[in-house]
Amino acid sequence: MFDWKWDFTWEILPRLVQATGNTLLAALIGYVIAVVLGLILALAQRTPYSALTLIVREMVEFIRSTPLILQIFFVFYVGPQFGVRLSPWTSGMIAIGLHYACYLSEVYRGGIESVPKGQWEAATALNMTVAQKYRRVIIPQAIPPALAGMGNYLVGIFKDTPMLSVIGVAELIHTANAIGSENYRFLEPYTMVGIIFLAISLPAAGMIRLFEGYVRRKLGL
Amino acid sequence: MHDVSAFPLQIAGDPAPMVSFRKVTKSYGALTVLDELDLDVKAGEMVSIIGPSGSGKTTVLRMLMTLEEINGGVIYVDGQPLTHMQKNGTLVPASQKHLRNRRADIGMCFQHFNLFPHMTALENCMEGPVQVLGLPKKEARERSEELLEMVGMIGKKDQHPSRLSGGQQQRVAIARALAMRPKVMLFDEVTSALDPEVIGEVTNVIRKLVSEHNLTMLMVTHQMGFARDISDRICFFYGGKIEEQGPPAELFGNPKKERTQQFLSAVKEAV
Ligand SMILES: Nc1ncnc2c1ncn2[C@@H]1O[C@H](COP(=O)(O)OP(=O)(O)OP(=O)(O)O)[C@@H](O)[C@H]1O
Ligand SMILES: [Mg+2]
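Quick summary incoming for the structure in this document. Quick caveat, the model's predicted, so the values are computed rather than measured.

**Topic: the pattern of salt bridges**
Opposite charge on two side chains lets them pair, provided their charged atoms get close.
All names here are of chain A.
At step 1: Summed over the entire model, instances satisfying the criterion amount to 23 salt bridges over all chains.
At step 2: With its nearest N and O atoms 3.9 Å apart, the salt bridge here joins Arg-109 to Glu-113. Taken together, the positions of Arg-109 and Glu-113, both in helix H4 (residues 88-113) and four residues apart, correspond to about one turn of that helix.
At step 3: Residue Glu-113 is classed as exposed on the basis of its relative accessible area, which comes to 52%.

As structure tokens, then:
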């Protein structure tokens, strides 16, 4: 039943390694977008402008309740109908970045809300501006409780990158598919992809936990 | 917004009171917490506020620190309106910019210290001077170290609050507030969260402030003995108003109102 071919495995490995690079790059770019945009979405929900708060909250809810793959299709295939023609990479990064930004905004919101009211009041008593309060007092305290969630979504975004294969981004699954159909052999490429994902996800999760502890110590919390 | 047309644009007087509440009202929904409160505090005066729980003591300080908006009346600091500003010859509610300008005169210490946990004692003290006042780091550090020395915390200046006792944290919090060089200092039950044996280290700092500095101070406290010792005037609050006020010897020794007498005898029994 098992007829694993080692020479075939070695032969396809360079292509898979290259695709791993693309997968990591996609996850990284998507994550950076999500981390920054998520913070903006979280802060937008805390402005005194209730219309803005409402719109952002509804958008976050909407994106969180629809599948990522639909959003990827939307940006890539429906965009051109409105004159927005984007490459697979750009579409993918926008869709995945926005999707995870919505999840991260909730993580940030939780973190910000966990900072006691007295911290805001102490910052007001020191006559800080709103920007100074966030930058110097609130965000530094909101990050440690948010780190676990942020780490989970980093691994999550990495595991979701295969969805980009549907619009032709040459990440791991896309490459494995291509190798498979060229050679009529799927066992080795898919197995290798699984191993590669495992080999990256597991240590990453551990490292995130170490990092969390480091940040807490660093902030004296 | 409430009508403030009857209020003066500024308070004259020689000298003008450092703090002046004029018919200040604060309510939460149907609950009126401050009821047309009038209260003047002279420059350099130490006023203690006492009264039963829920009588509005903390609220007075919070309104003066502009932590919340008032619903009626006007608060003046150093003769100028704090909660309002002049526009076309009338008073209008203060803008954020106006608040930031006027708030610089006021500092506050809280019952639960509220130090920034991610900063050391020294960094807590330097934060306002550097970020808000724009002082060079070196100058802010010198100022902060001087104040930490004054409150007896210089030896722990590099510790984070989580490594300090309550009394130590409160002393750092006092230094942090003073580093902004306010004209008015507010103390809201700064010893209530402390173990009895460390209350003295905080009250001693406040004593020192009273004797060596010309700060105007408003202090909410449940420590009647301490208030009697160091205050120029005691205000007894009841139901969001000043029920009775006077020099400590008079108010404690010979209270005129029945509610004051009841409160003081109840407190005495509790001790
Ligand atoms: N944010 C708020 N929302 C609703 N009610 C409030 C709020 N803050 C204070 N109150 C109410 O206002 C009243 C006065 O509160 P305040 O904190 O000024 O009392 P206090 O005299 O300081 O009492 P204590 O001695 O217990 O500290 C209380 O009845 C309190 O429940
Ligand atoms: Mg109180």
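The rest of the description comes next.
**Some points on the interface of chain B and chain A**
At step 1: Listed per partner, the contact involves 25 residues of chain B and 20 residues of chain A.
At step 2: Of the roughly 2,000 Å² buried between chain B and chain A, counting both surfaces, carbon and sulfur atoms make up 56%.
At step 3: In terms of surface lost to chain A, no three residues of chain B exceed Phe-116, His-118 and Gln-131 of chain B, which account for 28% of the buried area on that side.
At step 4: Joining chain B to chain A, the criterion identifies two salt bridges.
At step 5: For Arg-62 of chain B, the salt bridge is made with Glu-121 of chain A, and the minimal N-O distance between the two is 2.8 Å.
At step 6: Counting residues per element, the side of chain B that touches chain A draws most heavily on helix H3 (residues 121-132) of chain B, which supplies four residues.
At step 7: Within the side of chain B that touches chain A, the residues separate by chemical class into 13 nonpolar, seven polar and five charged.

**Observations regarding the packing of aromatic side chains**
At step 1: In total, this model carries 13 aromatic pairs over all chains according to the counting rule given.
At step 2: Plain terms: the ring middles of Phe-76 of chain A and Tyr-77 of chain A are 4.9 Å apart, the flat faces sit at 75 degrees to each other, and that makes the pair edge-to-face.
At step 3: Judged by centre distance (5.4 Å) and plane angle (45 degrees), the rings of Tyr-103 of chain A and Tyr-153 of chain A are tilted. Of the two residues, Tyr-103 of chain A is situated in helix H4 and Tyr-153 of chain A in helix H6 (residues 130-160); the sequence distance between them amounts to 50 residues.
At step 4: A relative accessible area of 24% places Tyr-153 of chain A in the partly exposed class.
At step 5: One aromatic cluster in this structure is built from Trp-4, Trp-6 and Trp-10 of chain A.
At step 6: The positively charged end of Arg-176 of chain B is found above the aromatic ring belonging to Phe-116 of chain B, 4.6 Å away from the centroid.

**Topic: the nonpolar core**
At step 1: Ranked by size, the top nonpolar core spans 46 residues in total, and within it Phe-21, Leu-64, Leu-186 and Leu-218 of chain B carry the most contacts.
At step 2: Here this core takes five residues from H6 of chain A, the largest share from any one element.
At step 3: Setting aside residues no more than four positions away along its own chain, Leu-186 of chain B makes contact with Leu-61, Leu-64, Met-65, Ile-106, Gly-107, Met-108, Cys-109 and Leu-218 of chain B.
At step 4: Counting residues in each nonpolar core, the second largest holds 43 residues, with Phe-8, Tyr-31, Cys-102 and Leu-172 of chain A among its members.

**Looking at the site of ligand 1**
Residue and element names in this part refer to chain B.
At step 1: Neighbouring residues of ligand 1: 13 residues in total, closest Ser-53, Gly-54, Lys-57, Thr-58 and Thr-59.
At step 2: Residue Ser-53 places a side-chain N or O atom 2.6 Å away from an oxygen atom belonging to ligand 1.
At step 3: In this structure, Gly-56 approaches ligand 1 through a main-chain N or O atom, which is 3.1 Å from an oxygen atom.
At step 4: Its free accessible area being 640 Å², ligand 1 has 60% of it covered by the protein chains.
At step 5: Secondary-structure elements contributing two or more residues to the shell around ligand 1 are strand E2 (31-41) and helix H1 (57-64).

Rules used throughout
- Residues numbered from 1 in each chain as written.
- Chains lettered and ligands numbered in written order.
- Predicted model: local features only at pLDDT ≥ 70, side-chain atom pairs only at ≥ 80, totals over all residues.
- Heavy atoms only, no water.
- Salt bridge = Lys/Arg side-chain N within 4 Å of Asp/Glu carboxyl O.
- Helix = DSSP H or I, 4+ residues; strand = E, 2+ residues; numbered from the N terminus.
- Buried < 20%, exposed > 50% of the residue type's maximum accessible area, 1.4 Å probe, protein only.
- Contact = heavy atoms within 4.5 Å.
- Buried area = accessible area lost by both parts, 1.4 Å probe.
- Nonpolar A, V, L, I, M, F, W, Y, C, P; charged D, E, K, R; others polar.
- Phe/Tyr/Trp six-rings, centres within 6.5 Å; stacked < 30°, edge-to-face > 60°.
- Lys NZ or Arg CZ within 6 Å of the ring centre and 35° of its normal.
- Core = buried A, V, L, I, M, F, W, Y, C linked by side-chain atoms within 4.5 Å.
- Near = heavy atom within 4 Å.
- Polar contact = N/O pair within 3.5 Å; in protein donor to acceptor, adjacent residues only side chain to side chain.
- Areas by Shrake-Rupley, 256 points an atom, 1.4 Å probe, with all protein chains shown as cover.

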